[in-house]
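Close look at the chain arrangement
This is what each chain is made of:
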Amino acid sequence: KLASSTVAREKSDIDRFLPHIGHYKLTELQPEHFRKLYVALRKEKNMINGKPLSELTVEGVHACLCGILSDAVESGLLDHNPAWRTYKYSNIDKKQQVVADEEILQKLICALEKESIKYETYFKLIIATGMRRGECCALKWEDINYAERSIHVCRNAVKTTGDEIIVKAPKTKAGNRYVYFSAEMESLLREYEAF
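The present account deals with the structure reproduced in this document. It should be emphasised that the depicted structure is a prediction, and the values quoted were computed from it without experimental measurement.

Moving on to the nonpolar core. Core analysis: the largest hydrophobic core is formed by 18 residues, its most contacted members being F17, I21, F34, L37, Y38 and L65. Counting residues per element, this core draws most heavily on helix α3 (residues 55–74), which supplies 7 residues. For F34, the contacting residues outside a window of four places in its chain are I21, L29, L65, L69, P82, A83 and T86. Formed by 15 residues, the second largest nonpolar core is a distinct cluster that contains I126, C136, V179 and L188.

Written out as C-alpha cells, the structure reads:
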C-alpha cells in the first residue's frame with residue numbers, strides 16, 4: 001500500500017536504528033534504549049553533506065519505530081509500545097524557515113528572464129501559484145484552462161534514490177485542486193507551449 005518514496009524513507013530509518021537496538025529482543029526493549037538511540041543519532045553525520053542528522057530525520061526514525069512497535073502490540077507480540085513518549089526534541093533551536101522578501105523575489109524573476117523559456121516558465125509558475133516542484137513537473141497541457149486562467153493540479157512526480165520518476169495522484173483530497181494565474185503568466189505559458 002505504501003508509495004515507493006515512503007518505503008525508501010522507512011528502509012533508511014530502519015538502517016539507522018538497527019545497529020543501535022537491533023540486537024535486542026522485542027521484549028527486552030526499554031524506554032532508555034530509545035532515548036540513547038536518539039542521542040546517538042543526533043551525533044551521526046549525514047553521508048551526503050557531512051553535517052549532523054537533522055532533528056526531522058531523528059523524529060522520522062522515532063515515528064518509524066513507533067509504527068513498527070505498534071504493529072507488534074496489535075499482533076500480540078508486545079503488551080505496550082516501549083518507544084511511546086520517549087522522543088523529545090533536542091535543545092537545538094529549529095531553523096527558522098527563510099522566505100524571500102519582495103526585493104529578492106524581484107531579483108529572482110529578473111534572473112529567470114535571462115534563462116531559457118523552459119526554466120523561466122517552470123520557476124515563475126511555481127512562484128506565481130505556490131505549486132510544489134513535483135506537481136509542476138507532472139503537469140500536462142490539458143491541465144491548463146486558459147479561459148479561466150486555472151491549472152488543475154491532479155498528479156505529482158516523485159523520484160526516490162535509484163528509482164525511476166513515477167507520476168501519481170496527490171496523497172490527499174486537498175492536493176487535487178485548482179490554482180490560478182495572471183494574464184502575464186498566461187502569455188508566458190502560451191509562448192512556451194508554442195515553443
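In the sheet, strand β1 (residues 144–145) pairs with strand β2 (residues 150–153) via 2 bridges, with the strands oriented antiparallel. What sits directly across from N145, in β2, is S150. The antiparallel hairpin formed by β1 and β2 contains 4 residues in its connecting segment, where R149 sits at a positive phi of about 50°. Here β2 runs beside strand β5 (residues 177–180); their pairing, made up of 4 bridges, is antiparallel. From the neighbouring strand, I151 faces β5, where its bridge partner is V179.

Criteria and thresholds
Residues numbered from 1 in each chain as written. Predicted model: local features only at pLDDT ≥ 70, side-chain atom pairs only at ≥ 80, totals over all residues. Heavy atoms only, no water. Core = buried A, V, L, I, M, F, W, Y, C linked by side-chain atoms within 4.5 Å. Buried < 20%, exposed > 50% of the residue type's maximum accessible area, 1.4 Å probe, protein only. Helix = DSSP H or I, 4+ residues; strand = E, 2+ residues; numbered from the N terminus. Contact = heavy atoms within 4.5 Å. Pairing = 2+ DSSP bridges.

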